Amino acid sequence: MEILLKRIDSFTSLSSEAMKALQSILHVKTYAAGTILCKIDELPTQVYFIKSGFARGYAWSSKGTSYNRAIYTNNEFIASLSALIQKKKATLALECLTACETIETNFYDFIELGKKYPEIALIYSKVLEENFIKLEIGNIQLATMSATERYLELRKRIPRIDNHISQFHIASHLGITPIQLSRIRKGLLTSK
């Protein structure tokens, strides 16, 4: 729990009363690789903080192909956020790519605490800001960078990602095929 509390402390200071209230709704859980945390067309309720491991957020095309929209790792918050905010069925599924240890809470319980404790509401605001920035950067990178440049940026954000998750999931996140990723990796090795 300490790692999450450090993360929260980077956003705001919590009074001891707010800290106790928040801790009362947090739960530490461990999931095996392949566990689906949120299914498409499901009404989600949970928000997760990854203590350790890798997860993905993905959607399905009309042709039945999954596309990774996000890869998450240590110290990141994950949720099917638009579904939670709109109280609608999820269009973004969440899956553990490796064993994951999480700290999680019911989103709606968290929102209720934010109404009572302004510093908890500030946590929500800061997490939304972070996610908006990540989304905007991702959209800009997709529109302006080559697949090689996006791969290098991903490796900068998550060092040694190739040692932790499959080439398939990395390629899907980059919007390319595993064969294209293999060529990019080979090209990077030969250019050194």
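This paragraph deals with the overall build of the chain. Scanning the chain for helices and strands turns up eight helices and eight strands. In terms of overall size, the chain behaves like a compact globule, its C-alpha atoms giving a radius of gyration of 18 Å where 192 residues would be expected to give roughly 16 Å. Its C-alpha atoms give the chain principal-axis dimensions of roughly 55 × 35 × 30 Å. Every one of the 192 residues in the chain was classed for burial, and the buried ones make up 41%. Relative to all contacts within the chain whose residues are 6 or more apart in sequence, the contacts with residues 24 or more apart total 69%. Accessible area for the chain stands at about 10800 Å²; split by element, carbon and sulfur atoms hold 55% of it. Treating the 25 positive side-chain charges of the chain as one cloud and the 18 negative ones as another, the clouds have centres 8 Å apart.

The strand order across the open sheet built from four strands is β2-β7-β4-β5, with neighbouring strands paired in antiparallel fashion. Both edges of this open sheet fall to β2 (36–38) and β5 (66–72), since each of them pairs with a single strand only. Each strand axis lies, on average, 30° off the axis of its neighbour in the sheet, ignoring direction. Both strand β4 (residues 55–60) and β5 contribute to a ladder of six bridges, which runs antiparallel. Considered in β5, the bridge of Arg-56 is made with Ile-71. Sheet strands touched by helix α7 (residues 167–174): β4 and β5. Its angle to β5, the strand with the most contacts, is close to 95°.

The antiparallel open sheet is built from four strands, whose spatial order is β1-β8-β3-β6. The sheet is open, and its two borders are formed by β1 (27–31) and β6 (77–78), each paired with just one other strand. Direction of pairing for strand β3 (residues 46–52) relative to strand β8 (residues 100–106): antiparallel, over a ladder of six bridges. In the strand pairing of β8, Val-47 is matched with Thr-105. Strand contacts of helix α1 (residues 2–9): β3, β6 and β8, with the helix running at about 110° to β3, the strand carrying the most contacts. Strand contacts of helix α4 (residues 107–116): β3 and β8, with the helix running at about 55° to β8, the strand carrying the most contacts.

Per the stated rule, a full pass over the model turns up ten salt bridges. Here Arg-56 makes a salt bridge to Glu-95, at a shortest N to O gap of 2.7 Å. Residue Arg-56 is located in strand β4, and its partner Glu-95 is located in strand β7 (residues 93–96); the two are separated by 39 residues in the primary sequence. Take Arg-56 and Glu-95: they sit in the same class, and that class is buried. Note that Glu-129 and Lys-126 form a salt bridge whose closest N and O atoms lie 3.8 Å from each other. Linking Glu-129 with Lys-126, this pair stays in helix α5 (residues 118–144), spanning three residues, or about one helical turn. A relative accessible area of 39% means that Glu-129 is categorised as partly exposed. When its relative accessible area of 27% is taken as the criterion, Lys-126 is described as partly exposed. Within this structure, Glu-76, Lys-134 and Arg-157 form a network of salt bridges that share partners.

Parameters and conventions
- Residues numbered from 1 in each chain as written.
- Predicted model: local features only at pLDDT ≥ 70, side-chain atom pairs only at ≥ 80, totals over all residues.
- Heavy atoms only, no water.
- Helix = DSSP H or I, 4+ residues; strand = E, 2+ residues; numbered from the N terminus.
- Rg over C-alpha atoms; globule rule 2.2 N^0.38 Å.
- Buried < 20%, exposed > 50% of the residue type's maximum accessible area, 1.4 Å probe, protein only.
- Contact = heavy atoms within 4.5 Å.
- Areas by Shrake-Rupley, 256 points an atom, 1.4 Å probe, with all protein chains shown as cover.
- Lys, Arg positive; Asp, Glu negative; His and termini not counted.
- Charge placed at Lys NZ, Arg CZ, Asp CG, Glu CD.
- Pairing = 2+ DSSP bridges.
- Axes fitted to C-alpha atoms, helices over the stretch in contact; angles between N-to-C directions.
- Salt bridge = Lys/Arg side-chain N within 4 Å of Asp/Glu carboxyl O.

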